[in-house]
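Per-entry structural report
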Amino acid sequence: KHAAKIRLDDVKEDQARDKDKADRATSEQVLDQRTRMILLQMINRGVMSEIHGAISTGKEANVYGAVAYPDLNGAAVQRAVKVYKTAILIFKDRERYITGEHRFKAGAEKGNNRKMVKLWAEKEFRNLRRIHGAGIACPEPIQLKLHVLVMEFLGDRRGYAYPRLRDATIEAEGGEELWKRLYTQLLGIMRRMYQVCRLVHADLSEYNILYNKQQLYIIDVSQSVEHDHPRSLEFLRMDIKNTGDFFRRQGVDTLSDRTIFDFIIA
Ligand code: ADP
Ligand code: MN
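Bear in mind the structure is a predicted one, so any value in this text is a computation, not a measurement.

Let us look at the pattern of salt bridges. Enumeration according to the criterion identifies 14 salt bridges in this entry. A salt bridge links Arg248 to Asp257; the shortest N-O distance between them is 3.3 Å. Residue classification places Arg248 among the partly exposed positions, given a relative accessible area of 33%.

This part is about the state of the cysteines. Considering all chains together, one arrives at zero disulfides under this definition. In this model Cys138 remains outside any disulfide bridge; the closest cysteine sulfur is found in Cys197, 8.3 Å from its own.

What follows concerns the coordination of the manganese ion (ligand 2). At this site the manganese ion (ligand 2) is bound by Asn208 (OD1) and Asp220 (OD), with donor distances of 2.1 to 2.2 Å. Highlighted residues: Asn208 in the loop between β6 (199–200) and β7 (209–212) and Asp220 in the loop between β8 (215–218) and β9 (225–226), separated in sequence by 12 residues. Across this residue pair, the class does not change: Asn208 and Asp220 are buried.

What follows covers the packing of aromatic side chains. On inspection of all chains with the given rule, the structure shows five aromatic pairs. The interplanar angle of 35 degrees and the centroid separation of 5.6 Å between the aromatic rings of Tyr162 and Tyr217 together place this pair among those described as tilted. Taken together, the positions of Tyr162 in the loop between β5 (148–152) and α6 (170–195) and Tyr217 in strand β8 put the pair 55 residues apart, joining distant regions of the chain. One exposure class covers both Tyr162 and Tyr217, and it is buried. By the ring-pair criterion, three or more aromatic residues cluster together here, those being Trp179, Tyr183, Phe246 and Phe247.

Let us look at the pairing of strand β3 (residues 76–84). Along β3, eight of the nine residues are buried, which leaves the element largely enclosed by surrounding structure. Note: strand β2 (residues 61–70) against β3, eight bridges, orientation antiparallel. Across the sheet, Pro70 pairs through a bridge with Ala76, a residue of β3. A loop of five residues connects β2 with β3, the two strands running antiparallel in sequence, and Gly74 in this loop sits at a positive phi of about 85 degrees.

Turning our attention to the pairing of β2. Burial within β2 is extensive, with eight of its 10 residues counted as buried. Sheet topology places strand β1 (residues 50–57) next to β2; five bridges connect them, and they run antiparallel. Of the residues in β2, the one forming a bridge with Ile51 is Ala66. Counting the residues between successive antiparallel strands, the hairpin from β1 to β2 contains three residues.

In a beta sheet, neighbouring strands are held together by backbone hydrogen bonds and run either parallel or antiparallel to one another. Across the sheet, five strands lie side by side as β1-β2-β3-β5-β4; this open sheet has antiparallel pairing. Each end of this open sheet is capped by a strand with a single partner; those strands are β1 and β4 (141–145). Averaged over neighbouring strand pairs, the angle between their axes works out to 25 degrees when direction is ignored. In this sheet, β5 lies alongside β3 in antiparallel orientation, the contact comprising five bridges. Its bridge partner being in β5, Val81 is matched across the sheet by Val150.

Calculation notes
Residues numbered from 1 in each chain as written. Chains lettered and ligands numbered in written order. Predicted model: local features only at pLDDT ≥ 70, side-chain atom pairs only at ≥ 80, totals over all residues. Heavy atoms only, no water. Salt bridge = Lys/Arg side-chain N within 4 Å of Asp/Glu carboxyl O. Buried < 20%, exposed > 50% of the residue type's maximum accessible area, 1.4 Å probe, protein only. Disulfide = S-S within 2.5 Å. Donors = N, O, S within 2.8 Å, 3.2 Å for Na, K, Ca; no water. Helix = DSSP H or I, 4+ residues; strand = E, 2+ residues; numbered from the N terminus. Phe/Tyr/Trp six-rings, centres within 6.5 Å; stacked < 30°, edge-to-face > 60°. Pairing = 2+ DSSP bridges. Axes fitted to C-alpha atoms, helices over the stretch in contact; angles between N-to-C directions.

Encoded structure:
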């Protein structure tokens, strides 16, 4: 995985030789020529200096670790780079989030994958900005270019990303008491996201929450919708159910989904 480090020279070399075509088509399919040019441009502009292997390879996007300039103490600044995939067939499924979004009326026409992924990346970038601006723990958005989004890296100095809540070792760290506190913390986040950001996450679960030192971080907000989206409350109920089910499985004595719904929207 970590062999996938990309440097300026590699990009140039690749342009000349176009090697490993078949290989890239499978494991690194998002790094097509266009994507490489964007990354190269970002490297040239100092947004980052090198890109490492994939932290995550998903259906819709790959997330890469990257290093930017050293900070004032001379330590490397980590970045996360989310590259949305253009050659996919999941746009139908995603349409329900875009349809009804007044922010994306123009340009959201069907049938143009490249335009659609650009919209998704843009949506995630704007949502992150709003969520981060409201003081909710999430990656700070840093740079956006077409379907490539650079954000703050949530992880340690060695380059290890914080675990997803699903993989976090909460039991060992604080047991039942900690689970309970995290549950309360999440309810506060969901309410603040609704009341202050006017957003519903719409894909909230233990997979899209990172955990470190008793703090939850919200990620993956490309599908998040405005509170006045025609299906926002339906999505909110889904978020409440998914997260509630998870915490119930951890033995937390949760409130009813109905009570939480009222708490969030009131
Ligand atoms: P997907 O659409 O593939 O689910 P996510 O935004 O959920 O995309 O990111 C996938 C994974 O990448 C996350 O589960 C997390 O492990 C990692 N990740 C995403 N963003 C960051 C970040 N800013 N810092 C560290 N790791 C991240
Ligand atoms: Mn995700």
